[in-house]
Amino acid sequence: MSVPGRDRANHFTPLRLLLALLVLLAHAPELVDGDRRREPLTRLFGTLSFGEFAVDCFFLLSGYLIVQSWLAAPHAATYLRKRVLRIYPGFVAASLVCGLVVGPLGADPSAYAASFWPGGFVTGVALLQTPVVPPVFAGQPHASVNGSMWTISLEFACYLTVLAAGLAGMLRRRHLWLMASVALVAGALAWQLAGRALPDLARLAMCFFCGGSFYLYRERVARWPAGPLTIALVGLALLAALGSRVLAEAALATLGGWLLLRAAYAPAPALAALRRLPDVSYGVYLYGWPVQKLLLWYWPALSPWTLFALAAPLAIALGAASWYLVEKPCLALRDWGWRKTRDSSAIS
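These figures come from a predicted structure and were not determined experimentally.

A. Structural view of the overall build of the protein chain. Across its full length, the protein chain carries 15 helices and zero strands. Taken along its principal axes, the extent of the C-alpha atoms in the protein chain is 60 × 60 × 45 Å. In the protein chain, 77% of the contacts between residues at least 6 apart in sequence involve partners at least 24 apart. Here the protein chain has roughly 16,200 Å² of accessible surface; of this, 69% comes from carbon and sulfur atoms.

In C-alpha cells:
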C-alpha cells in the first residue's frame with residue numbers, strides 16, 4: 001500500500017461517492033414501507049445494511065485522513081478552522097434547504113410555517129443535529145426531514161477527539177492510540193457477545209479509531225503481504241464474519257478497513273480520471289434522504305429500486321451544487337490566515 005506522506009494518487013473521492021450512494025440504496029426499501037428486510041446486504045447476511053456498512057467505512061476513511069491532517073499541521077487553531085470549514089458550510093446549507101424548502105413541501109405549508117420555531121432550528125444547526133422542524137411526511141415511515149444528518153455531530157465529535165489527543169501528545173505516542181483502538185474493538189466484541197446491540201457512538205468511534213491506527217502504522221501496514229491471494233483470503237474472512245452478529249462490526253473495522261485502504265491506494269491507471277472528479281459525496285449524503293422522501297411524498301407507489309434510480313442522479317446534482325457553490329469556496333478559506341501571515345512576514 002503506497003501511503004507515504006500526503007500521497008494524492010488515491011481513490012478516496014470515488015470511494016466516498018460510492019459509499020454515499022450505498023446509503024441511498026439502503027434507505028430505499030425502508031423509506032417505502034418501513035421494511036428493512038428487502039435491503040440487499042441485510043438479505044444477504046442478516047446483520048449490517050449497506051447504510052451501516054457505508055457509514056462505518058466513512059468513519060474508517062475519516063479516521064485515517066483526519067489523523068493525517070493533524071500530524072501534517074499540529075496546530076489547534078489551524079486544525080479547527082479546517083474542520084469547521086469542511087463540515088459546517090455544507091451542513092448549514094443543507095439544513096436551510098431542508099427546513100425552508102423540503103419541510104413546507106412535505107407538509108401543509110401554512111401549518112408548517114405557523115409551527116416553525118426559528119430558535120430551535122438555529123440551535124439544532126449549530127449543534128450539527130437533524131433540523132428541528134414541525135412534523136413532516138405524515139403517515140410515511142421514518143417521517144423525518146433528514147434522517148441521515150444524525151452522523152454529522154458524531155463525526156465532528158471524532159474531530160475534537162483527534163484535537164484533544166494531538167494536544168495531549170497521544171498521536172506522537174502512537175501506541176496509545178492503537179491501545180484505544182484495540183480496547184474499542186474488544187469492548188464491541190464483548191458487548192455483542194453478551195447479546196446486546198452495539199450503540200452507534202461505540203460503533204462509529206471504533207471505526208474512526210481503527211482508521212487512525214491504519215494511518216499511524218502505515219509504514220508497517222505497507223509491508224504486509226498484499227498479493228491477490230492475501231486480499232482474497234482477507235476478503236473471504238470478512239464475508240464470513242459479516243454473517244455473525246458478534247463479529248460483523250469488529251471485522252469491518254479491522255479487516256474491512258485494511259481492504260478499504262488497499263482499494264483507496266490500488267494502482268489503477270484506468271481510474272485516474274475519477275480522482276479528478278469533484279468531491280460531491282458529502283452533498284450526496286446530505287441531500288439523498290430529503291430527495292427520496294419528496295419523491296415518495298408525491299409518488300408513493302414507487303418501488304424501492306425505482307426510488308433509488310430516480311433519487312441517485314438528483315442527489316448527485318445537488319451534491320455538485322453543494323460542492324461548487326458552498327463547500328469548495330469555503331474550503332478555499334482554510335489557509336487564508338496562514339497565507340496572510342506569511343505574506344505580511346515577506347513584506348516586513
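B. The arrangement of the state of the cysteines in detail. Following the criterion strictly, the structure yields zero disulfides and no others. The thiol sulfur of cysteine 207 is not disulfide-bonded, and the nearest other cysteine sulfur, from cysteine 210, lies at 6.8 Å. Here cysteine 330 is not cross-linked by a disulfide; its sulfur's nearest cysteine counterpart is in cysteine 98, at 18 Å.

C. Highlighting the packing of helix α1 (residues 12-33) against helix α3 (residues 50-72). Put simply, α1 and α3 touch, their axes get as near as 7 Å, and they point 155° apart. When the axis of α1 is compared with that of α3, the two are roughly antiparallel. Between α1 and α3 the crossing geometry is left-handed. Facing Phe12, Arg16, Leu19, Ala20, Leu22, Val23, Leu25 and Ala26 of α1, the residues of α3 in contact are Phe50, Gly51, Phe53, Ala54, Val55, Cys57, Phe58, Leu61, Tyr64 and Leu65.

D. Quick peek at unusual backbone geometry. Phi at leucine 128 is positive, roughly 60°, even though this residue is not glycine. Considering the arrangement of structural elements, one finds leucine 128 in the loop between α6 (118-126) and α7 (150-167). On the basis of relative accessible area, leucine 128 is assigned to the buried category, the value being 2%. At phenylalanine 137, a residue that is not glycine, the phi angle is positive and equals roughly 50°. Turning to its location among the elements, phenylalanine 137 is positioned in the loop between α6 and α7. Residue classification places phenylalanine 137 among the buried positions, given a relative accessible area of 0%.

E. Quick look at the environment of alanine 165. Within the fold, alanine 165 resides in helix α7. For alanine 165, a relative accessible area of 5% gives the class buried. Distance in space between the C-alpha atoms of alanine 165 and aspartate 108 is 48 Å, their sequence separation being 57 residues. Excluding residues within four positions of it along the chain, alanine 165 makes contact with Met170, Leu171 and Trp177.

F. Representation of the side chain of glutamine 192. Looking at the element boundaries, glutamine 192 is found in helix α8 (residues 174-193). The contacts of glutamine 192, once residues within four sequence positions are left out, are Leu198, Arg245, Val246 and Glu249.

Scoring rules and cut-offs
Residues numbered from 1 in each chain as written. Predicted model: local features only at pLDDT ≥ 70, side-chain atom pairs only at ≥ 80, totals over all residues. Heavy atoms only, no water. Helix = DSSP H or I, 4+ residues; strand = E, 2+ residues; numbered from the N terminus. Contact = heavy atoms within 4.5 Å. Areas by Shrake-Rupley, 256 points an atom, 1.4 Å probe, with all protein chains shown as cover. Disulfide = S-S within 2.5 Å. Axes fitted to C-alpha atoms, helices over the stretch in contact; angles between N-to-C directions. Parallel < 35°, antiparallel > 145°, perpendicular 65-115°, else oblique. Left-handed = near helix turned anticlockwise from the far one by under 90°. Buried < 20%, exposed > 50% of the residue type's maximum accessible area, 1.4 Å probe, protein only.

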